[in-house]
Every structure is written in C-alpha cells, then in structure tokens.
Amino acid sequence: MAEVSIENVTKVYPGGVVAVKDANLVVEDREFLVLVGPSGCGKSTTLRMVAGLEEITQGIIKIGERIVNDVPPKDRDIAMVFQNYALYPHMSVYKNMAFGLKLRGFPKAEIDKRVQEAAKILGITELLDRKPKALSGGQRQRVAVGRAIVRKPAAFLFDEPLSNLDAKLRVEMRAELAKLHHRLQTTTIYVTHDQVEAMTLGDRIVVLNDGIIQQVAPPLVLYDQPANMFVAGFIGTPPMNFLKGSLMREGDRTYFKFDGAKVKLPRDLSSRIGAYMGKEITFGVRPENVLVKGHTDVQEDENVVSSQVTVVEPLGDEQTIYLQTGGQDFIAKVDSHVRLSVGDNVSMVVDVARAHIFDQASGENVSLRDKALVA
C-alpha cells in the first residue's frame, strides 16, 4: 500500500491535443479516490499515466516515495482492472488469476495460496476450472478483480470496470467493490463516467472537464458546495437548475430577479455576495430543493413563482416534474402523491437556503460558505 502523487502532470498528444493539463493530486494511502467526468475529460488518460501505459509530457508521478515516470508498468507495483476484463480466453479462471504471479517467478505453493484466498473473498472458488466463455459478465469481472488481488499491489487502478454490465449487476458489483476495499484497505484509483458510482464508492471524488481538475472533495461536499457551475451541473440527477437573472436590493433585503419573478435570499447568503449587487448572475438550486403545489396551498411569505408543467416523469415513490417559468426551464423532484398533469399551472417554491449564486463569466460559485472545503 502506498500514497500516489501526481505533480504538475500534463499530457499532450501529437497534433497539440491537450488531454490533461497541469494536474496536481495526492491519493492518500488506503484511500478510494474516484476520477469522474464526461467522455474525453482526461480521466482515463490520467489513470493510464499512473499505470505507465501513457507517457507523461510533463510533470512527476510518484508511487510511494519512488518517481515512476520512466519505470515500466510491470515494475510499478500496481494492478489494473480494465473495462473489457482482458482475460485470456484459452486459460481457466485459476490460470488467469495465477498468470501474473507465475511470470514473476512466485513458488507454486504461494501462487495456489493467493489464488484460493482471492477466489474465496470474491465467491468464485467453484469457477476456478471454467474458462471465461463459460462465465457471465459479473463473474468475468470478479475474475479480473481477483487477478489484481493476488498481486497484493501498492495500488489498484480501475478503468470503468462496471460499464459493460447491466444495471442490476452494476449495483451488485458496486457494493462488492465497496466491501472489497473495506476489507483490503488498498490504495485505489477508480475511473468512471457514472456519478452514482463516484458518489457511492469514493472517499473523495475528482471532477475533471477538458483535461482540467475542477474540484477534489468528499462526495457530500461536492454535492452541497460545488466549486463552479460545471461541478454543480454534473453532480446530481436530475442536474441542478440554473436561472439567469440579477441581484437587487429592496429595503434591507436582497432578491434574485428573473423574467418578472423574484425570490428573497436569506441574510447570510446576501452578505457573501454583496459585490454582485445589481449585476447579472446565475442562480442555482437542486430539483429536490423545489416544492411544487397549487396556488391556494402557498403561504404569502414564501418564495412563490408561477410555473407551468411541461413534462411529468413518474419514478415510483417520486416523480420528476419539468416546468417552465418566465421563459426558462426548471426541474423539480416531488412525492408521487402530488397529482400533476402536463399543462397544469402551479406554484413553485424555492428553498433559497440551499441555493447557489454563480458568476456568469467564470462559472465560479461565489456563495460558498467555506471556500477551503472545495480544494
């Protein structure tokens, strides 16, 4: 087990395409760190540079105290699990798991001990004599993980390992990986485009976009205190609502005004955004922090905005409601017992205590309570 350090790392492909730009990151010993972002954001490239499968254009990568920039992948003391499992089709499960140890000259008794231990941990002991073609997708993934476990590496690297599985199996394997990390306590770097995987697995999450690290933080900090509009819009399903408008002062209170409507902001939020008074800003609030009800149910002192329902998506115990207010689209998550239909005119009540204010030019969240938490 070891700390993994990425210092000022940049990757430029031929033709000047910058895949990763000046990345700085420390993966703590025994930590489960998740790299997440849209396709092409640089997450897999970052992982492959740690593994030694991609050359670094600039910067330093350390595993433990050792700089590994020029160390071949096989000598980096890491184990990687790929998206496509990369199992040898002509070998049995046992031989697939033992192959790496055999190449490194381990005694036969030690190989057998490690394979049997890993198979027991993963619940695949009865599969050891089968070949990959006789296995399900989930079983193949367990074998691929088992092949990594037997190595007892300083760090595990996972490159979208669940993306080829169906939805139900992904949930099951996600739980298995979480249990496995809790048991083995090995430093782990995990790449995914699935934010649910990121939020449920990671001790910390790294959000990337266009090769640049946007924010590094524990899951709930990312959710509650996104550093910018990209993180706010990427983390959360459905994504955060964004409304364009301006901040205005009336008496001793601050309001966000947009398209003829307005909502009153709490005093503590107003005190943090005074520099933006009278300026155009972007107001953000998550769908679950929006209440939808009939006009007669709303108290006069609440932040009420008239809206019209455009889409209703029933999801069992809740439903997603798409609204239009003042020419701008909005999404709310409400209980399934609230009966709404397309075309209904409703009142939307915003929980302004959970709202965010973003700079329209930079996208920076200027309303954060604790700037230190987003680093």
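Preceding this paragraph is the structure being described.
Residues numbered from 1 in each chain as written. Predicted model: local features only at pLDDT ≥ 70, side-chain atom pairs only at ≥ 80, totals over all residues. Heavy atoms only, no water.

(A) The overall build of the protein chain, seen in detail. When its secondary structure is counted, the protein chain shows 9 helices and 20 strands. Based on the C-alpha atoms only, the size of the protein chain along its principal axes is roughly 80 × 45 × 35 Å. Relative to its 375 residues, the protein chain shows a buried fraction of 50%. Look at the contacts in the protein chain between residues 6 or more apart in sequence, and 65% of them connect residues 24 or more apart. When the accessible surface of the protein chain is summed, it comes to about 17700 Å², and 50% of that surface belongs to carbon and sulfur atoms. Put simply, the protein chain has 46 plus and 47 minus side-chain charges, and the middle of one group is 7 Å from the middle of the other. (Helix = DSSP H or I, 4+ residues; strand = E, 2+ residues; numbered from the N terminus. Buried < 20%, exposed > 50% of the residue type's maximum accessible area, 1.4 Å probe, protein only. Contact = heavy atoms within 4.5 Å. Areas by Shrake-Rupley, 256 points an atom, 1.4 Å probe, with all protein chains shown as cover. Lys, Arg positive; Asp, Glu negative; His and termini not counted. Charge placed at Lys NZ, Arg CZ, Asp CG, Glu CD.)

(B) Seen up close, the environment of valine 115. One can find valine 115 in helix H3 (residues 108-122). Judged by its relative accessible area of 0%, valine 115 falls in the buried class. A C-alpha to C-alpha distance of 6.1 Å links valine 115 and valine 150, two positions 35 residues apart in sequence. Beyond its immediate chain neighbours, meaning those up to four positions away, valine 115 contacts Tyr94, Met97, Ala98, Leu128 and Val150.

(C) Region of the structure containing helix H1 (residues 43-51). Most of H1 sits inside the fold, with 7 of its 9 residues counted as buried. Of all the positions in H1, only Lys43, Thr45, Thr46, Leu47, Met49, Val50 and Ala51 are classed as buried. Positive backbone phi, approximately 90 degrees, marks glycine 52, located one or two places after H1.

(D) View of the packing of aromatic side chains. With the rule as written, the count across this model stands at 8 aromatic pairs. Between phenylalanine 230 and phenylalanine 234 the ring centres are 5.7 Å apart and the planes differ by 15 degrees, which places this aromatic pair in the stacked class. Within this pair, phenylalanine 230 and its partner phenylalanine 234 are both found in helix H8 (residues 229-234), separated by 4 residues, close to a single helical turn. For phenylalanine 230, a relative accessible area of 24% puts it in the partly exposed group. Both rings, one in phenylalanine 242 and one in phenylalanine 358, keep their centres 5.6 Å apart while their planes meet at 80 degrees; by these two values the pair is edge-to-face. Of this pair, phenylalanine 242 sits in strand E11 (residues 241-250) while phenylalanine 358 sits in strand E20 (residues 356-359); the two residues are 116 residues apart in sequence, bridging distant segments of the chain. On the basis of relative accessibility, which here comes to 26%, the residue phenylalanine 242 falls in the partly exposed class. Connected via pairs of aromatic rings, a cluster forms that spans Phe32, Phe156, Phe158 and Tyr190. Lysine 262 extends its terminal NZ or CZ atom over the ring of tyrosine 255, reaching a point 4.6 Å from the ring centre. Seen from the ring of tyrosine 276, lysine 279 lies directly overhead, with NZ or CZ sitting 5.8 Å from the centre. (Phe/Tyr/Trp six-rings, centres within 6.5 Å; stacked < 30°, edge-to-face > 60°. Lys NZ or Arg CZ within 6 Å of the ring centre and 35° of its normal.)

(E) Just empty space enclosed by the protein, in detail. One pass over the full model with this rule turns up 3 cavities of 30 Å³ or more. Estimated volume of the largest cavity: approximately 70 Å³. Lining the largest cavity are Phe32, Phe156, Phe158, Leu177, Leu180, His181, Leu184, Thr186 and Thr188. Every element with two or more residues in the lining of the largest cavity is listed here: strand E7 (155-159) and helix H5 (167-184). By residue number, the principal contributor to the lining of the largest cavity is H5, which donates 4 residues. (1 Å grid on protein atoms, 1.4 Å probe; cavity = no way out; pocket = protein on both sides within 12 Å on 5 of 7 lines; lining within 4 Å. Points joined across faces, edges and corners; volume = space filled by probe spheres on them.)

Purely spatial values, then, with no claim about function.
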